[in-house]
Amino acid sequence: MTAPTSTAPRTARWGRTPGRTGRVLRLAGASLRLRPRPLAVSLGLLALAAAAFAAGCATGDFPLPLTEVLRVLAGGGDAGNRFIVLTLRVPRGLDGLLVGAALGASGALFQSVTRNPLGSPDIVGFGNGAATGALLSLLWWRGGPLETSLAAFAGGLAVACLVYAVCRRDGLQGHRLIIVGIGVSAMAYAFNAWLLSRARLQDAESAQLWLTGTLNGRSWEHVRPVAIGLLVLLPAALAQSRRIGVLGLGDETARALGVSPVRARVLALATGVALVGVATASAGPIAFVALAAPQIARRLTRDPGPGIAASALTGAVLLQGADVTAQWVVPSVEVPAGLATGLSGGAYLAWLLARRRTRAT
């Protein structure tokens, strides 16, 4: 939706660029290009995310009318409804939106760098690496939410360093990154299974539920780390949009335009890994959101660029929508959100592979 382009005066003002569609907002020494269709799609996604959040606050074991939810959010309502909405459902809804946004933005970074729709962090192993760190914290060190968050981030970072060490001689080329990542993902998955086999039955059951990816029982202590992470990492990802877009023209062209391909890829992947780490630490390894969100956003916006903002909003809608749908379809059972995204994402992955095979033939 937006991409930094050039320096500008300190005061904010609008202007047109000859020969280019859209408008440019110049603010405090930087400029953002706003194109009509991506902007309209992003506003629509923002409205859908707000609707999914409101629906989540109204859905549960004790359903509430949407009007009562809005009354509570506005500061009214009785004490019982305020407890249900503000203490139980608002943190869960916010966590779903924030985790989905982090996964969507991370998937956009990975797919843009690898130039492959299969180049998402859950396919190439970074999600399993973060899960390994979290499992070590949960099963061995009995860590709380903060310790588990830090361990998940460290696990994703360790896998990223391993993949980089193997791929660095080829300059992090997309196909090699995906192949190596799939291999590392299989190793991390096997190690996670071994950890579960060595744990006590009760600990293994709770850890297995976490590995499915869930928003059940989310509280403010789960929301704060991912919110802080997004405040730092999402602007960093948006600031890299132009350089990542230039990489799509080829390494030689990128160098001619003053962009170092290796440095741009390393920065993009580091930001993507950090986003995966904070998302996994908060809700567990949610499947397929990072894979599907950038592709859906790109088809909606018809923007050839990374589309990080639109992908983040799409990821928020997908995860929160999946959680609300699972609660509505099976109201008496706590269905993990990761199970709902996995079922729909598996069908999407099969369609994507079949579509690529059709194009190849």
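Conventions used here
- Residues numbered from 1 in each chain as written.
- Predicted model: local features only at pLDDT ≥ 70, side-chain atom pairs only at ≥ 80, totals over all residues.
- Heavy atoms only, no water.
- Helix = DSSP H or I, 4+ residues; strand = E, 2+ residues; numbered from the N terminus.
- Buried < 20%, exposed > 50% of the residue type's maximum accessible area, 1.4 Å probe, protein only.
- Contact = heavy atoms within 4.5 Å.
- Areas by Shrake-Rupley, 256 points an atom, 1.4 Å probe, with all protein chains shown as cover.
- Salt bridge = Lys/Arg side-chain N within 4 Å of Asp/Glu carboxyl O.
- Polar contact = N/O pair within 3.5 Å; in protein donor to acceptor, adjacent residues only side chain to side chain.
- Phe/Tyr/Trp six-rings, centres within 6.5 Å; stacked < 30°, edge-to-face > 60°.
- Core = buried A, V, L, I, M, F, W, Y, C linked by side-chain atoms within 4.5 Å.
- pLDDT = per-residue confidence, 0-100.
- Expected span 1.5 Å × (residues − 1).

A closer look at the overall build of the protein
Looking only at helices and strands, the protein features 14 helices and three strands. Within the protein, the fraction of its 361 residues that count as buried is 52%. Partitioning the intrachain contacts of the protein with sequence separation of at least 6 by distance along the chain shows that 71% fall at a separation of at least 24. Summed over its atoms, the accessible surface of the protein is roughly 17,200 Å², and 65% of this surface lies on carbon and sulfur atoms.

What to know about unusual backbone geometry
You will see that Phe288, though not glycine, has its phi angle at about 75°, which is positive. Within the secondary structure, Phe288 is located in the loop between α11 (261–283) and α12 (289–301).

Quick notes on the pattern of salt bridges
Tallied over the entire structure, the rule returns three salt bridges. Notably, a salt bridge pairs Arg92 with Asp323, separated by 2.9 Å at the nearest N-O pair. With Arg92 in helix α3 (residues 79–114) and Asp323 in helix α13 (residues 308–329), the pair connects residues that are 231 residues apart, well separated along the chain. A single burial state applies to Arg92 and to Asp323, both of which are buried. One salt bridge in this structure joins Arg255 and Glu252, with 3.2 Å as the shortest N-O distance. With Arg255 and Glu252 both in helix α10 (residues 251–256), this residue pair falls three residues apart, about one helical turn.

A look at the environment of Tyr348
With respect to the helices and strands, the residue Tyr348 is situated in helix α14 (residues 337–360). Judged by relative accessible area, which is 16%, Tyr348 ranks as buried. For the pair formed by Tyr348 and Leu291, sequence separation is 57 residues and the distance between their alpha carbons is 9.2 Å.

A few points about the side chain of Ser42
Here Ser42 lies in helix α1 (residues 36–58). We classify Ser42 as buried; its relative accessible area is 4%. Polar side-chain contacts of Ser42 include one of 2.9 Å to the backbone oxygen of Pro38.

Re the packing of aromatic side chains
Given two aromatic rings, their pairing is described by the distance between the two centres and the angle made by the two planes. Under the counting rule described, the total for this entry stands at two aromatic pairs. Aromatic side chains Trp140 and Trp194 sit 6.5 Å apart centroid to centroid with 70° between the ring planes, which places their arrangement in the edge-to-face category. Remark: Trp194 occurs in helix α6 (residues 174–198) and Trp140 occurs in helix α4 (residues 126–140); sequence separation between them is 54 residues. Their ring planes at 25° and their centres at 5.8 Å tell us that Phe191 and Trp194 sit as a pair that is stacked. Here Phe191 pairs with Trp194, and both are found in helix α6, just three residues apart, close to one helical turn. Residue Phe191 is classed as partly exposed on the basis of its relative accessible area, which comes to 33%.

Concerning the nonpolar core
Judged by nonpolar contacts, the single largest core of 55 residues is most densely connected at Val99, Leu103, Leu109, Phe126, Val163, Leu275 and Ile286. No other element matches α3, which puts 13 residues into this core. Ignoring any residue separated from it by four or fewer positions in sequence, one finds Ile286 in contact with Val99, Leu103, Asp122, Gly213, Thr214, Leu319, Gly338 and Thr341. One finds Leu135, Leu139, Ala152 and Trp210 within the second-largest nonpolar core, a separate group that totals 14 residues.

Re the side chain of Ser241
Structurally, the position occupied by Ser241 is in helix α9 (residues 241–247). Look at Ser241 and you get buried, because its relative accessible area is 6%. Engagement of the side chain of Ser241 in a polar contact is seen with the backbone oxygen of Leu238, the distance being 3.0 Å.

Points about the confidence of the model for the protein
Of the residues in the protein, 85% have a pLDDT of 70 or more, and the chain-wide mean is 79. Scored below 50 in pLDDT, residues 1–20 shows 60 contacts in the model against residues more than four places distant or in partner chains.

A word on α12
The end-to-end C-alpha separation of α12 is 18 Å, in line with the 18 Å expected for 13 residues at 1.5 Å each. Within α12, the full set of buried residues consists of Val289, Ala290, Leu291, Ala292, Ala293, Pro294, Gln295, Ala297 and Thr301. Once α12 ends, the next one or two residues include Arg302, with phi positive near 55°.

Regarding α11
In an α-helix, one full turn covers 3.6 residues, which means residues spaced three or four apart are oriented alike. Between its first and last C-alpha atoms α11 spans 33 Å; for 23 residues at 1.5 Å apiece the expected length is 33 Å, and the two agree. Burial runs high along α11: 18 of the 23 residues are buried. Gly284 occupies a position one or two residues after α11 and carries a positive phi of about 85°.

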